[in-house]
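In case you want the letters, here they are:
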Amino acid sequence: MDTLLLARLQFATTTSIHFLFVVVTLGLVTLLVAMQTAWVLTGNPKWERLTRYWGQLYVINYVLGIATGIVMEFQFGLNWSGLSRYVGNVFGAPLAIETLVAFFLESTFLGMWIFGWHRLGKGVHLALLWGVAITAYASAFWIMVANSWLQNPVGYEVRDGIAHLTDFGALLTNPSLGMAFGHVVSAALLVGGMLMAAVSAWHLIRRTPDFALFRTSLRIGVVTSAFAITMVQGFGFAQFGPVGAVQPTKFGQGPEGQALIAEWTTRFGPGDYTPPVLANVGLGFMILIGFTLGCVWFLLPLLFRDWIIRLRFPLWLILLALPLPFVAVILGWIAREVGRQPWVAYGLLPTEQAVSPVGAPVMLTSLIGFSLLLGTLAVTNWVLLARHAARGAADPALGRPPSPPHESAHPEPALV
């Protein structure tokens, strides 16, 4: 058993599962902001019911997503001590900002939003949800800043064998950051839109009593998915330019790549500096899924006709297409991360030097343990989401008005 391979498998498992929670959270909170804003501006109770229903699913995914993030951080710290030691002064800066500024604020705003129903004014309550959404986007931004530095190290210098940050602004203007962040945000909107459309389609297929309500959320999901897939494709293809400039070995071996490999051979010794084929395979399937999901545009004129919705056929198409954006998200993440190999920090720190000095049996044990734990959390999440989604929007627990206090059966006698 190879310790490095086991560590990489563990990292791939934990980050991939956690990333699925992240895109659902980021996508749904954007739609929640739109629905609650519509409720505050119009006073239409339809938007309140939609906010409560989808907000409940959002909270379930958020809570279990935090648990997967904690598990991921544990394996990250345990298995990759070489990364922390060599580039922690640079790589750790955006991660610290993400944790202190974004994540803590996001959790605080969300807690106040959850327990603020019927206790806070509508404007204040809506402002809290806007705060949740803004800090969620900020959290994703700083994570992508850290990841982009691994893809293209900038703004640093090596002193005494340790990388030190010299230019914080260079992290924010990294060529591998802008389009990648837009791609991730667009993918999250696609996932959120498809999830909303698919759950709504399931209720419409079953002819649940809230036909008009789920027809509205179906249209919101389909419209969001249509615009999101266009942005996903745009940001995705736009990355080939910056990626080719800063990672010339990622998708081929042109003259720039060959020259870079020769330089690495001189600096680090002979080795295989070509990324695994898995990166390009994942990229190809992701592009194929992206073009397939682009067909959602053809559903836009159909779903605004009730008689088409009652035919159920387009509803089944949406329902069956639900796994596709999730698969594409994972394939895209694999293409980005595996395409960087054999480097943790591209051209700076080889992966084999970043792994912790532990034995293969220990690494295998942690791989099995973390995988089982994360798998359990993922299954629990989807079971809870399916269960609460199936209950419909009649009276979701989130935002339910407090029950009036019951009068005592034996009132105290009046004092004379």
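Keep in mind that what you see is a predicted model, and the values were worked out from it rather than measured. Numbers given for residues are sequential positions, taken from 1 along each chain in its written order. Two thresholds apply to this predicted model, a pLDDT of at least 70 for residue-level local features and 80 or more for giving and counting side-chain atom pairs, whereas whole-chain, interface and lining totals are computed over all residues. By convention in this description, side-chain values take in all heavy atoms of the structure and omit both hydrogens and water.

Visitor: Before we go on, may I ask you to explain the overall build of the protein chain in this structure?
Guide: Looking only at helices and strands, the protein chain features 15 helices and 4 strands. As a reference, a globule follows 2.2 Å times the number of residues to the power 0.38, and the radius of gyration itself is taken over C-alpha atoms. A compact globule built from 416 residues would reach a C-alpha radius of gyration of about 22 Å, and the protein chain, at 24 Å, matches this within 12%. C-alpha extents for the protein chain along the principal axes are approximately 95 × 65 × 40 Å. Relative accessibility decides the category of a residue: with a 1.4 Å probe and only protein chains considered, values under 20% of the type maximum give buried, values over 50% give exposed, and everything between is partly exposed. Taking all 416 residues of the protein chain together, the buried fraction comes to 52%. In what follows, residue pairs with any heavy atoms lying within 4.5 Å of each other are defined as contacts. Counted over contacts in the protein chain with a minimum sequence separation of 6, partners at least 24 positions apart contribute 84%. Strands here mean DSSP runs of E at least two residues long; helices mean DSSP runs of H or I at least four residues long; both are numbered from the N terminus.

Visitor: Help me understand the packing of aromatic side chains, please; the structure alone is not making it clear to me.
Guide: Each aromatic ring pair is characterised by the separation of its centres together with the angle its planes make. A pair of aromatic rings is counted whenever rings of Phe, Tyr or Trp (Trp by its six-membered ring) have centres within 6.5 Å, and the orientation is called stacked for planes under 30 degrees apart, edge-to-face for over 60 and tilted otherwise. By the definition in use, this model includes 19 aromatic pairs. Ring plane angle 85° and centroid distance 5.4 Å describe the contact between Tyr-53 and Phe-214, whose orientation is recorded as edge-to-face. With Tyr-53 in helix 2 (residues 45-79) and Phe-214 in helix 7 (residues 211-238), this residue pair connects regions lying 161 residues apart in the sequence. We classify Tyr-53 as buried; its relative accessible area is 1%. Note on Phe-214: relative accessible area 1%, which makes it buried. Arranged with centres 5.2 Å apart and planes meeting at 75°, the rings of Phe-141 and Trp-142 form a pair that is edge-to-face. In this structure an aromatic cluster arises from ring pairing among Trp-264, Phe-268, Tyr-273, Trp-343 and Tyr-346.

Visitor: Would you take a moment to explain the confidence of the model for the protein chain for this structure?
Guide: The pLDDT score gives, residue by residue, the confidence of the prediction method on a 0 to 100 scale. Here the protein chain shows a mean pLDDT of 87. Residues at 70 or above account for 95%. When the criterion is pLDDT under 50, residues 412-416 qualifies, and its contacts beyond four places in sequence or with other chains add up to 0 contacts.

Visitor: Just checking my understanding: could you explain the layout of surface pockets for this structure?
Guide: Empty space left among the atoms is revealed by rolling a probe the size of a water molecule over them. Residues are called lining when one of their atoms sits within 4 Å of a cavity or pocket point, these points coming from a 1 Å grid over the protein atoms alone, where a cavity is a set in which a 1.4 Å probe fits but cannot get out and a pocket is an open set with protein on both sides within 12 Å along at least five of seven lines. Grid points are joined across faces, edges and corners, and a volume is the space filled by probe spheres set on the points. Approximately 1400 Å³ is the volume attributed to the largest pocket. Among the secondary structure elements, those contributing two or more residues to the lining of the largest pocket are helix 1 (3-42), helix 2, helix 3 (81-115), helix 4 (122-151) and helix 13 (323-338). Considering each element in turn, the lining of the largest pocket owes the most residues, 13 residues, to helix 1. Each residue belonging to the lining of the largest pocket can be placed in one class, and the counts come to 31 nonpolar, 11 polar and 6 charged. At 3 residues, helix 14 (residues 351-354) tops the list of elements feeding residues into the lining of the second largest pocket. Each residue gets one label: Ala, Val, Leu, Ile, Met, Phe, Trp, Tyr, Cys and Pro are nonpolar, Asp, Glu, Lys and Arg are charged, and the others, such as Gly, are polar. Tallied by class, residues from the lining of the second largest pocket come to 8 nonpolar, 6 polar and 3 charged.

Visitor: How do you make sense of the pairing of strand 1 (residues 156-159) when you look at a structure like this?
Guide: Side chains on a regular strand alternate between the two faces of the sheet. Two strands are counted as paired when DSSP detects at least two bridges linking them. With 4 bridges joining them, strand 1 and strand 2 (residues 162-165) adopt antiparallel strand pairing. Directly across from Glu-157, in strand 2, lies its bridge partner His-164. Linkage of strand 1 to strand 2, two consecutive antiparallel strands, is achieved through a turn of 2 residues, within which Asp-160 is found at a positive phi near 55°.

Visitor: Help me understand empty space enclosed by the protein in this model?
Guide: For the structure on display, the rule yields 3 cavities of 30 Å³ or more. A volume near 530 Å³ is recorded for the largest cavity. In terms of lining residues, the largest cavity is bounded by 32 residues, among which His-183, Gly-236, Gln-239, Met-286 and Gly-332 are the most central. Looking at the lining of the largest cavity, the elements with two or more residues in it are helix 6 (178-205), helix 7, helix 8 (240-246), helix 10 (277-293) and helix 13. The residue inventory of the lining of the largest cavity, partitioned by class, reads 24 nonpolar, 6 polar and 2 charged.

Visitor: Which parts of the structure should I look at to understand the nonpolar core?
Guide: Within soluble globular proteins, side chains that are nonpolar tend to cluster in buried spots. The criterion is simple. A nonpolar core is a set of buried Ala, Val, Leu, Ile, Met, Phe, Trp, Tyr and Cys residues joined through side-chain atoms within 4.5 Å. Formed by 118 residues in total, the largest nonpolar core has its most connected members in Trp-54, Tyr-58, Leu-83, Trp-149, Leu-218, Val-222 and Ile-318. Among the elements that make up this core, the one with the highest residue count is helix 6 (18 residues). With sequence-adjacent residues up to four places away left out, Tyr-58 is seen in contact with Thr-25, Leu-28, Val-29, Leu-32, Glu-106, Leu-110 and Val-132. Leu-260, Ile-261, Trp-264 and Tyr-346 belong to the second-largest nonpolar core, a separate cluster that totals 6 residues.

Visitor: I tried to follow unusual backbone geometry on my own but got confused; where do I start?
Guide: Residues other than glycine predominantly adopt negative phi, and peptide bonds predominantly adopt the trans conformation. Residue Pro-342 is reached from Gln-341 by a cis peptide bond, and omega for that bond is 10°. Positionally, Pro-342 belongs in the loop between helix 13 and strand 3 (343-345). Its identity as a non-glycine residue notwithstanding, Arg-207 has a phi of 60°, on the positive side. Tracing the backbone through its elements, the reader meets Arg-207 in the loop between helix 6 and helix 7.

Visitor: Sorry if this is basic, but what is going on with the environment of Ser-366 here?
Guide: The residue Ser-366 is located in helix 15 (residues 360-390) in this model. Residues Ser-366 and Asn-79, 287 residues apart in the sequence, show an inter-C-alpha distance of 9.4 Å. Setting aside residues no more than four positions away along its own chain, Ser-366 makes contact with Gln-10 and Asn-79. Any pair of nitrogen or oxygen atoms within 3.5 Å is treated as a polar contact; in protein, a donor-acceptor pairing is required on top of that, and neighbouring residues in sequence qualify only through side-chain atoms on both sides. Polar side-chain contacts of Ser-366 include one of 3.0 Å to the side chain of Gln-10. Engagement of the side chain of Ser-366 in a polar contact is seen with the backbone oxygen of Met-363, the distance being 2.8 Å.

Visitor: What should I look at first to understand the pattern of salt bridges in this one?
Guide: A side chain with one charge can pair with a side chain of the opposite charge if their charged atoms come near. Think of a salt bridge as a Lys or Arg side-chain nitrogen and an Asp or Glu carboxyl oxygen that are within 4 Å of each other. Counting across every chain of the model gives 4 salt bridges. Here Glu-263 ties to Arg-267 by a salt bridge, and the two come within 3.7 Å at their closest N and O atoms. Placement of the pair is Glu-263 and Arg-267 together in helix 9 (residues 255-268), with a separation of 4 residues, close to one helical turn. In this structure, Glu-337 and Arg-340 form a salt bridge, with 3.0 Å as the shortest nitrogen-oxygen distance. As far as burial versus exposure is concerned, Glu-337 and Arg-340 are alike and both buried.

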